[in-house]
Amino acid sequence: MSGFRTLDDVDVKGKRVLLRVDLNVPMDNGRVSDTTRLQRIAKTIIELSEAGGKVIILAHFGRPKGPDPKDSLKPVATALGYVVKHHVEFAPDCVGPIAEQAVAGLKNGEILCLENTRFHPGEEKNDPAFVAQLAKLGDIWVNDAFSCAHRAHASTEGLGRVLPGYAGRTMEAELDALGKALEQPVHPVIAIVGGSKVSTKIDLLENLVGKVDALVIGGGMANTFLHAQGVDVGKSLCEKDLATTALRILVKANSTNCAIILPVDAVVAEKFEANAPSHAYGLDAIPANGMILDVGPQSIKRIDAAIDDAATLVWNGPLGAFEMSPFDRGTVQAAKYAAARTKAGKLVSVAGGGDTVAALNHAGVGRDFTYVSTAGGAFLEWMEGKPLPGVEVLRVR
């Protein structure tokens, strides 16, 4: 973290701290139904409060086109108070007289949540005038929302250009984990990339083959690579128009000495539904009316062997249709194997992406990896090698 400014670099006592967090939490009948994200940011909020800062929380919720009661942060602020065990004040606007009055009334250590920043069009436009309105409310800016760092919005990037900016503890942990995974990893490094389509992960694959020692390709996207190599994949999901792209990635991997690990067998069914009759086939025997829905047992052994050889693992995407039994077997077995290596101290394992988090939790090992990112789009863009505006603005220059 030497390249970024963190809370270790600032004394917040008496300062108005504009803290950008991610409060996009699931709701059920007006109540927060999962507090995972709130628990993750609690450490930063409590630290700032106990250090005597005036904590002013900025966040968005949903995708409103203007002020909308169903996208208000008020119920989230209430739930946050229970998580941090501290009263959280709420102001029904994030700029202007209402917000300014609420901030002016804060004492050291108190916490205030401002209303949804996206109620104002200037947020997503990163409008300098709106940035200035927000900046009036604070002395420093702390970004603790890695999941929003790929957006150059007013509260996620603009404020870092006009106020002293620092990474919060959640952001710091994320950057530290991601740095260990790809930027300063211990080699050999293996990446597991799954999911349904190559088209959504071309940039990701092209970046990874230049950085990792081995790349496991699974899920529906593996079918496109197999098709490009002349394998008949039957009725499986396959982007045949991307065969040239798949071959280009294979050529690049060869030039960078990145071993590509594709399935050598597959679990095939005639119907895409849970518990459909299925059978494992070698790649030379995929039935014409069959669909590949998971990697086969020999492929799982190859993946486990690759994990054995690795010191660092980066994982994005399931190996099969993990939502449906028995097509979750490949993902579950590989996840459990990686988790066991991690717990034994033999592997640094970092995973992220919506389906990935769900798959690891389904396997019961979500807490056993070194780090699991819930950042979604930001995690994917980081894996693609793209600079994230909300991170770049925190770099020490």
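Just so it is clear, the structure is predicted and the values come from calculations on it, not from any experiment.

## Here's the deal with the domain arrangement of the chain
Each assigned domain of the chain is listed with its residue range as follows: domain 1 (7-170) and domain 2 (185-384). For domain 1 and domain 2, the distance between their C-alpha centres works out to 37 Å. Between domain 1 and domain 2, the residue contacts involve six residues of the former and ten residues of the latter. Of the roughly 620 Å² buried between domain 1 and domain 2, counting both surfaces, carbon and sulfur atoms make up 53%. Of all residues in domain 1, R40, F146 and H150 bury the most surface against domain 2, accounting for 72% of the area lost on that side. At the boundary of domain 1 with domain 2, the tally comes to zero salt bridges. Joining domain 1 to domain 2, the criterion identifies two residue pairs in polar contact (both at pLDDT 80 or more).

## Focus: the sheet that holds strand β4 (residues 54-58)
Spatial strand order, β5-β6-β4-β1-β7-β8: six strands in an open sheet with parallel pairing. Looking along the sheet, the strands with just one partner apiece sit at the ends: β5 (88-91) and β8 (165-167). Ignoring which end each strand starts from, the neighbouring axes of this sheet average 25 degrees apart. Summarising the sheet, β4 and strand β6 (residues 111-114) pair through three bridges and their orientation is parallel. What sits directly across from I57, in β6, is C113.

## Side note on helix α10 (residues 243-255)
For α10, spanning 13 residues, the distance from its first C-alpha to its last is 19 Å, which sits close to the expected 18 Å at 1.5 Å a residue. Regarding α10, the residues found buried are A243, T245, A246, I249, L250 and A253. Across the axial projection of α10, the buried residues extend over an arc of 165 degrees, all falling on one side. In α10, the exposed positions angled more than 90 degrees off the buried face are occupied by T244, V251, N254 and S255. On the buried face of α10, the contacting elements are α8 (202-208), α9 (219-228) and β11 (259-261). Note on α10: the residue one or two positions beyond its end, N257, has a positive phi of about 60 degrees.

## Side note on the UniProt feature "binding site: ATP" (unreviewed entry) in the chain
Following the UniProt record, one finds the feature "binding site: ATP" (unreviewed entry) at K201, E323, G353, G354, D355 and T356. Mapped onto the secondary structure, K201 falls in the loop between β9 (189-193) and α8. Tracing the chain through its elements places E323 in the loop between β15 (312-316) and α12 (329-343). For E323, a relative accessible area of 57% corresponds to the exposed category.

Scoring rules and cut-offs
- Residues numbered from 1 in each chain as written.
- Predicted model: local features only at pLDDT ≥ 70, side-chain atom pairs only at ≥ 80, totals over all residues.
- Heavy atoms only, no water.
- Domains from an automatic or database assignment.
- Contact = heavy atoms within 4.5 Å.
- Buried area = accessible area lost by both parts, 1.4 Å probe.
- Salt bridge = Lys/Arg side-chain N within 4 Å of Asp/Glu carboxyl O.
- Polar contact = N/O pair within 3.5 Å; in protein donor to acceptor, adjacent residues only side chain to side chain.
- Pairing = 2+ DSSP bridges.
- Helix = DSSP H or I, 4+ residues; strand = E, 2+ residues; numbered from the N terminus.
- Axes fitted to C-alpha atoms, helices over the stretch in contact; angles between N-to-C directions.
- Expected span 1.5 Å × (residues − 1).
- Buried < 20%, exposed > 50% of the residue type's maximum accessible area, 1.4 Å probe, protein only.
- Arc of directions from axis to C-beta.
- UniProt positions renumbered as here; feature names shortened; annotations may be inferred.

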